[in-house]
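Secondary and tertiary structure notes
Next come the chains, spelled out residue by residue.
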Amino acid sequence: MKKFLLLFVLCASAVSMQAQKFALIDMEYILKNIPAYERANEQLTQVSKKWQAEVDALTTEAQTMYKTYQNEVVFLSGEQKKARQDAIMEKERQAAELKRKYFGPEGELFKKRNALMTPIQDEIYNAVKDLAEQHNYQLVLDRASDTGIIFGSPKIDISTDVLRKLGYSY
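Our subject in this report is the structure included herewith. The structure presented is a predicted model; accordingly, all values stated were derived computationally and were not measured.

Cut-offs and rules
Residues numbered from 1 in each chain as written. Predicted model: local features only at pLDDT ≥ 70, side-chain atom pairs only at ≥ 80, totals over all residues. Heavy atoms only, no water. Phe/Tyr/Trp six-rings, centres within 6.5 Å; stacked < 30°, edge-to-face > 60°. Helix = DSSP H or I, 4+ residues; strand = E, 2+ residues; numbered from the N terminus. Buried < 20%, exposed > 50% of the residue type's maximum accessible area, 1.4 Å probe, protein only. Polar contact = N/O pair within 3.5 Å; in protein donor to acceptor, adjacent residues only side chain to side chain. Contact = heavy atoms within 4.5 Å. Expected span 1.5 Å × (residues − 1). Bend = angle between axes of the 7 residues up to and from the residue. Axes fitted to C-alpha atoms, helices over the stretch in contact; angles between N-to-C directions. Parallel < 35°, antiparallel > 145°, perpendicular 65-115°, else oblique. Left-handed = near helix turned anticlockwise from the far one by under 90°. Salt bridge = Lys/Arg side-chain N within 4 Å of Asp/Glu carboxyl O.

**Topic: the packing of aromatic side chains**
As enumerated under the stated definition, the model contains three aromatic pairs in all. When the ring of Trp51 is compared with that of Tyr102, the centres are 4.5 Å apart and the planes differ by 5 degrees; the resulting orientation is stacked. Here Tyr102 lies in helix H4 (residues 78–103) and Trp51 lies in helix H3 (residues 35–72), a separation of 51 residues in the sequence. Looking at Trp51, the relative accessible area reads 9%, which means it is buried. A relative accessible area of 8% means that Tyr102 is categorised as buried. Geometrically, the ring pair formed by Tyr102 and Phe103 is edge-to-face, given 6.3 Å between the ring centres and 80 degrees between the ring planes.

**As for the side chain of Ser159**
Positionally, Ser159 belongs in helix H6 (residues 159–165). A distance of 2.7 Å separates a polar atom in the side chain of Ser159 from the backbone nitrogen of Asp26. With near-sequence residues (within four places) excluded, Ser159 lies in contact with Leu24, Ile25, Asp26, Tyr29 and Ile30.

**A few points about helix H5 (residues 108–135)**
Residues spaced three or four apart along an α-helix point in a common direction, a consequence of the helix completing one turn every 3.6 residues. The first and last C-alpha atoms of H5 sit 40 Å apart over 28 residues, in line with the 40 Å expected at 1.5 Å per residue. Largest kink in H5: about 35 degrees, centred on Met117, with the proline Pro119 one to four residues after it. For H5, every residue scored as buried is listed here: Leu109, Met117, Ile120, Ile124, Ala127, Val128, Leu131 and Ala132. In this structure, the buried side of H5 is in contact with strand E1 (21–25), helix H2 (27–32), H3, H4, strand E2 (137–142) and H6. Taken from the residues just after H5, Asn136 is the one with a positive phi, measuring 60 degrees.

**Some thoughts on the packing of H3 against H4**
Two elements in contact, H3 and H4, have axes whose closest approach is 9 Å; the angle formed by their N-to-C orientations is 165 degrees. Relative to H4, H3 is oriented roughly antiparallel. Judged by the twist between their axes, the crossing of H3 over H4 is left-handed.

**Comments concerning unusual backbone geometry**
With a phi angle near 60 degrees, Asn136 is a residue other than glycine that sits in the positive phi range. Examined against the element boundaries, Asn136 turns out to sit in the loop between H5 and E2.

**Overview of the pattern of salt bridges**
One pass over the structure, following the stated rule, counts six salt bridges. When the shortest N-O distance is used, the salt bridge between Arg93 and Glu90 registers 2.6 Å. Of this pair, Arg93 and Glu90 both sit in helix H4, three residues apart, roughly one helical turn. Here Arg164 ties to Asp161 by a salt bridge, and the two come within 2.9 Å at their closest N and O atoms. In this pair, Arg164 and Asp161 both sit in helix H6, three residues apart, roughly one turn of the helix. Arg164 gets classed as partly exposed once you look at its relative accessible area, which sits at 47%.

Shown next, in the form of structure tokens:
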């Protein structure tokens, strides 16, 4: 009786596992084919370069001040040395603060990236969710991420369907 029950449970689970439907998407492919994503990326690149130039300018200024200080240190009084050192340290602090403000974990670049990318990601998520509900997919995996997918049949890749759902015909 126990063997029969175990066999029945194994068969039932195998049948239920076969009934589940899976799909794959390739987020890199989807994002590459959305013009709004490319524009947002370009905006982020431009603003990042601009902000990096500001940080670099302060850093260069601090380095120049330090080199000048090194060249003139023998001619400076103790009070002048202290003043120059303080000025150099202040400039380095300003550069570090500006870098943190722009590029830190809660910095301006992070906020700007969220503002530009979240609507695009939400739109993709909703399209994937709609397709999953429409075709009864229990699981949709991203083949572009590091999920350890070794092989995924192109037959279950719905990336093109997602793009169509978003209004891009591919």
